[in-house]
Amino acid sequence: MSPSMFNFNEAKDKFTAATRNALDNKTSKPFLTIFNQLPGNETEKKTTLDQALRGVLEGEIVKKKNSCDDFLSLIYLSIDGVTEGICSATTPFLLLGDVLDCLPLDQCDKIFTFVEENVSTWKSNSFYSAGKNYLLRMCNDLLRRLSKSQNTVFCGRIQLFLARLFPLSEKSGLNLQSQFNLDNVTVFNKNEQESTLGQKHTEEKEEGMEEGEMGDEDEPAPCSIPIDYNLYRKFWTLQDYFRNPVQCYDKFSWMTFLKYSDETLAVFKSYKLDDTQASKRKLEELRTAGGEHVYFAKFLTSEKLMDLQLSDSSFRRHILLQYLILFQYLKGQVKFKSSSCVLNDDQTLWMEDTTKLVYQLLREIPPDGDKFATMVEHILNTEENWNSWKNEGCPSFVKERPADTKPARPTRKRQAPEDFLGKGPDRKIFMGNDELTRLWNLNHDNMEACKSDNREFMPTLEEFFEEAIEQADPANMVEDEYKVVRNSNYGWRALRLLSRRSPHFFQPTNQQFKSLADYLESMVIKLAKELPKDLPSEEIKTGEEDDDDNGDTLLKESNDSPGIQNKLVSNQQMDEIAAKLGGQWKTLAVQLEMKAVEVREIETDSEDVDMQAKLLLVAWQDREGSQATVENLVSALSAAGFPKIAEILSDT
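The name given to the protein in an unreviewed UniProt entry is Death domain-containing protein, with the source organism recorded as Aldrovandia affinis.

Structure representation (structure tokens):
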């Protein structure tokens, strides 16, 4: 065999020996030496080293004599190999998975501590892309092996590690559709014949006293409300509504929930916990054994414990907190909630009153009731922000950088005069906007243009107030909010014209007006009575010069302009524009300054290009409000390269 050819078995033996040597000396130099000496390409040598590392780990696990430190040393060597570029980036995660699959849970706890401490390593560029799926699969395998009731802390550590590893916008770890854990069923005695409450309760309590389960010092105050099977059944039936809140939108289920809740909260309100010293003493007893709290993932629903549970402050807080979480879901805006899930006014009013009662009961529960209630209210308010974030599609918390296609800023702060004054005999001045540039360059000498006779014009009273007089006629049935006299721009020009051409403007009057629109309406009524249609208004003007035809033409254009500016785009116009735009609607979206997130949402909502164009116009109209006028849309269409569509819109 040629010495330049790669021999897998020989290379694996050398890498295995180098791995054991590196494990003894706690250094990765033997790896690097053998890697550089062996022939072949890097891919072959990396694959061989990966196999050698897993083979050595397998041998160490089979011996069953090594501690977790030996396994971790081998994983550290693989991390160094990845950093040196002689090992695959997935190898450390494969070794971790092999170790956790073969070790018992008590040793897995120590291995996972190593995983937690190196979270910054896993998030680095060299490891994150290659290992995030391996780490997620490894954590899920661990969670399946662990018991939620016995290994609660370990399960919580795994969840916190995943929260630190993945960004907040990672949708794989989010409950986007607000689904519930319907498998979490609370089991209790539903057969009244088998109930031990009632006459047997006293005997069982006495037997418990004889067996020494409770001393006289720890005995709670007797319950002021008798606990029977009905209270027991109704109390634990509420857990089914907390498990699946959607039931509350059903009429009959809501009536049951309302009845059971009123009775349960009445018990909490009547039987208050006032023995603060006893509560503190029990809390200290829980802290004596190693400083750890006892935690149960499921409720204990024995009938014998009902009396004790009603006397437990932690138990009461748990139940009341469930009410607040349930109410927050029922009243909140959830994107994936069905359209039929709507509360009526009576349900909303009941929940508001019950929420106040629940917070009152939380403040009355010792110890530190006020502090606990304030903390719960703050947490639930913060949860509303997360709900809003999920409803918006979980946008990234990192601001996007501007696209490279945008023009770069000029290197100099101010433009040179020749850049905007233009060159050549015409010396065209560029104003930064096509329409402004056209208007500015209509005349080369702007001062002379201002002195032109064409700028000295004044409309007649009949022409200017013609529309207002028609709208003032009750027969036309025009509502006040749509009359032109309500337009502030129109009112200002009307006062200017009345001061020049109407004698009524200077006549004193005792009539008081609340607004300019009311004054103009009274003037319109007077003008409508006094001005005949065939009588020119020059006969009553106050000595001003006559207007020429050019002035009347300019007046007509100026009178038309405000109407176009204030005219909103109708639904029919949007349908026609959307049909003509079709698949080119994204070009218009740039001119309308729509965000990239909004464009993606439009593409997701519909696959039809015409409907996408319609959604674009609707989104623009919702954002602009009163500024979504025909003129603004015409300008955007012209700037986007759709002059024909803009012309059609202007004519409609």
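Now for the side chain of Glu-303. One can find Glu-303 in the loop between helix 13 (276-288) and helix 14 (306-310). Although Glu-303 lies buried, it forms no salt bridge, and the closest oppositely charged side chain, Lys-304, sits 8.8 Å away as judged by the N-O distance. Of the polar contacts made by the side chain of Glu-303, one reaches the side chain of Asn-189; its length is 2.9 Å. Once residues within four sequence positions are removed from consideration, Glu-303 is found in contact with Asn-189, Ser-195, Thr-196, Leu-197, Tyr-229 and Tyr-232.

Applying the stated criterion across every chain yields a total of 15 salt bridges. Two residues, Arg-157 and Glu-116, come together in a salt bridge whose shortest N-O distance is 2.7 Å. With Arg-157 in helix 9 (residues 152-165) and Glu-116 in helix 6 (residues 105-117), the pair connects residues that are 41 residues apart, well separated along the chain. Measuring nitrogen to oxygen at the nearest pair gives 2.6 Å for the salt bridge that ties Arg-438 to Glu-435. Taken together, the positions of Arg-438 and Glu-435, both in helix 19 (residues 434-440) and 3 residues apart, correspond to about one turn of that helix. Judged by its relative accessible area of 42%, Arg-438 is partly exposed. What you see here is one network of salt bridges that share partners, running through Asp-109, Glu-116 and Arg-157.

This brings us to a negative patch on the surface. On the surface, Glu-463, Glu-466, Glu-467, Glu-470 and Asp-473 cluster together into a negatively charged patch. By secondary structure assignment, the location of Glu-470 is in helix 21 (residues 461-472).

Here we take up the side chain of Arg-316. Position of Arg-316 relative to the elements: it lies in helix 15 (residues 313-331). Buried charged residue Arg-316 carries no salt bridge. Nearest counter-charge: Glu-364, at 7.0 Å. Not counting the four nearest positions on each side in its chain, Arg-316 is found in contact with Val-267, Phe-268, Tyr-271, Lys-272, Leu-273, Leu-310 and Ile-365.

Looking now at the nonpolar core. Membership of the largest hydrophobic core comes to 52 residues, with the highest contact counts inside it found for Val-115, Trp-122 and Phe-161. Apart from residues no more than four positions distant in its own chain, Trp-122 is found in contact with Ile-79, Phe-93, Leu-96, Phe-114, Val-115, Phe-127, Tyr-128, Leu-135, Phe-161 and Leu-165. In this structure, Phe-257, Val-267, Phe-268 and Leu-362 belong to the second largest nonpolar core, which totals 47 residues.

Okay, helix 16 (residues 345-364) next. Its 20 residues give helix 16 an end-to-end C-alpha distance of 29 Å, which sits within 8% of 28 Å, the value for a rise of 1.5 Å per residue. Those residues of helix 16 that fall on the buried side of the exposure criterion are Gln-347, Trp-350, Met-351, Thr-354, Thr-355, Leu-357, Val-358, Tyr-359, Leu-361 and Leu-362. For helix 16, the elements touching its buried residues are helix 12 (251-270), helix 15 and helix 17 (369-391). Between the side-chain oxygen of the N-cap and the backbone nitrogen of Asp-346 there are 3.2 Å, and the N-cap of helix 16 in question is Asn-344.

Where helix 4 (residues 68-84) meets helix 5 (residues 91-102), the closest approach of the two axes is 8 Å, and the angle between their N-to-C directions is 165°. With respect to helix 5, the axis of helix 4 lies roughly antiparallel. At the point where helix 4 passes helix 5, the crossing takes the right-handed sense. Counting all contacts with helix 4, which are made through Phe-71, Leu-74, Ile-75, Ser-78, Ile-79 and Val-82, the residues of helix 5 involved are Thr-91, Pro-92, Leu-95, Leu-96 and Val-99. Taken together, the residues of the contact of helix 4 with helix 5 break down into 9 nonpolar, 2 polar and no charged.

Quick look at a nonpolar patch on the surface now. On the surface, Met-431, Leu-436, Leu-439, Trp-440 and Leu-442 cluster together into a nonpolar patch covering about 500 Å² of accessible area. Tracing the backbone through its elements, the reader meets Leu-442 in the loop between helix 19 and helix 20 (446-450). For Leu-442, a relative accessible area of 62% translates into the label exposed.

A separate point is the packing of aromatic side chains. Taken as a whole, this structure holds 30 aromatic pairs when the rule is applied. For the pair Tyr-76 and Phe-114, a centre-to-centre distance of 5.0 Å together with 80° between the ring planes defines the contact as edge-to-face. Within this pair, whereas Tyr-76 is found in helix 4, its partner Phe-114 is found in helix 6, the two being separated by 38 residues in sequence. Relative accessible area serves as the criterion here: at 3%, Phe-114 is assigned to the buried category. A network of ring pairs unites the aromatic residues Tyr-241, Phe-242, Trp-254, Phe-257, Tyr-323, Phe-327 and Trp-350 as a single cluster. It is Arg-317 that lies over the ring of Phe-372; its NZ or CZ is 4.4 Å from the centre. We note Lys-337 situated over the ring of Tyr-329; from NZ or CZ to the ring centre the distance is 4.6 Å.

Glancing now at helix 23 (residues 516-530). Side chains that are three or four residues apart share a direction in an α-helix, a result of its 3.6 residues per turn. With 15 residues, helix 23 should cover 21 Å at 1.5 Å per step; its first-to-last C-alpha distance of 21 Å lies within 8% of that length. The complete set of buried residues in helix 23 reads Ala-517, Tyr-519, Leu-520, Ser-522, Met-523, Val-524 and Leu-527.

So, about unusual backbone geometry. Trans is the prevailing form of peptide bonds, just as negative phi is the prevailing case for residues other than glycine. Geometrically, the link from Pro-366 to Pro-367 is a cis peptide bond, its omega value of -5° lying close to zero. Even without a glycine there, the phi angle at Asp-368 is positive, about 55°. Structurally, Asp-368 is set in the loop between helix 16 and helix 17. Unlike most non-glycine residues, Glu-593 shows phi in positive territory, near 60°. Turning to its location among the elements, Glu-593 is positioned in the loop between helix 26 (585-591) and helix 27 (596-605).

Let us now look at the packing of helix 8 (residues 128-145) against helix 9. Running from N to C, helix 8 and helix 9 cross one another at 165°; their axes reach a closest spacing of 11 Å. One way to sum up the angle between helix 8 and helix 9 is to call them roughly antiparallel. Crossing handedness for the pair helix 8 and helix 9: left-handed. Here Tyr-128, Leu-135, Leu-136, Cys-139, Leu-142 and Leu-143 of helix 8 lie close against helix 9, whose contacting residues are Phe-154, Cys-155, Ile-158, Gln-159, Phe-161, Leu-162 and Leu-165.

Scoring rules and cut-offs
- Residues numbered from 1 in each chain as written.
- Predicted model: local features only at pLDDT ≥ 70, side-chain atom pairs only at ≥ 80, totals over all residues.
- Heavy atoms only, no water.
- Helix = DSSP H or I, 4+ residues; strand = E, 2+ residues; numbered from the N terminus.
- Buried < 20%, exposed > 50% of the residue type's maximum accessible area, 1.4 Å probe, protein only.
- Lys, Arg positive; Asp, Glu negative; His and termini not counted.
- Salt bridge = Lys/Arg side-chain N within 4 Å of Asp/Glu carboxyl O.
- Polar contact = N/O pair within 3.5 Å; in protein donor to acceptor, adjacent residues only side chain to side chain.
- Contact = heavy atoms within 4.5 Å.
- Patch = residues over 30% accessible without salt bridge, like charges linked within 9 Å, V, L, I, M, F, W, Y side chains within 5 Å.
- Areas by Shrake-Rupley, 256 points an atom, 1.4 Å probe, with all protein chains shown as cover.
- Charge placed at Lys NZ, Arg CZ, Asp CG, Glu CD.
- Core = buried A, V, L, I, M, F, W, Y, C linked by side-chain atoms within 4.5 Å.
- Expected span 1.5 Å × (residues − 1).
- Axes fitted to C-alpha atoms, helices over the stretch in contact; angles between N-to-C directions.
- Parallel < 35°, antiparallel > 145°, perpendicular 65-115°, else oblique.
- Left-handed = near helix turned anticlockwise from the far one by under 90°.
- Nonpolar A, V, L, I, M, F, W, Y, C, P; charged D, E, K, R; others polar.
- Phe/Tyr/Trp six-rings, centres within 6.5 Å; stacked < 30°, edge-to-face > 60°.
- Lys NZ or Arg CZ within 6 Å of the ring centre and 35° of its normal.

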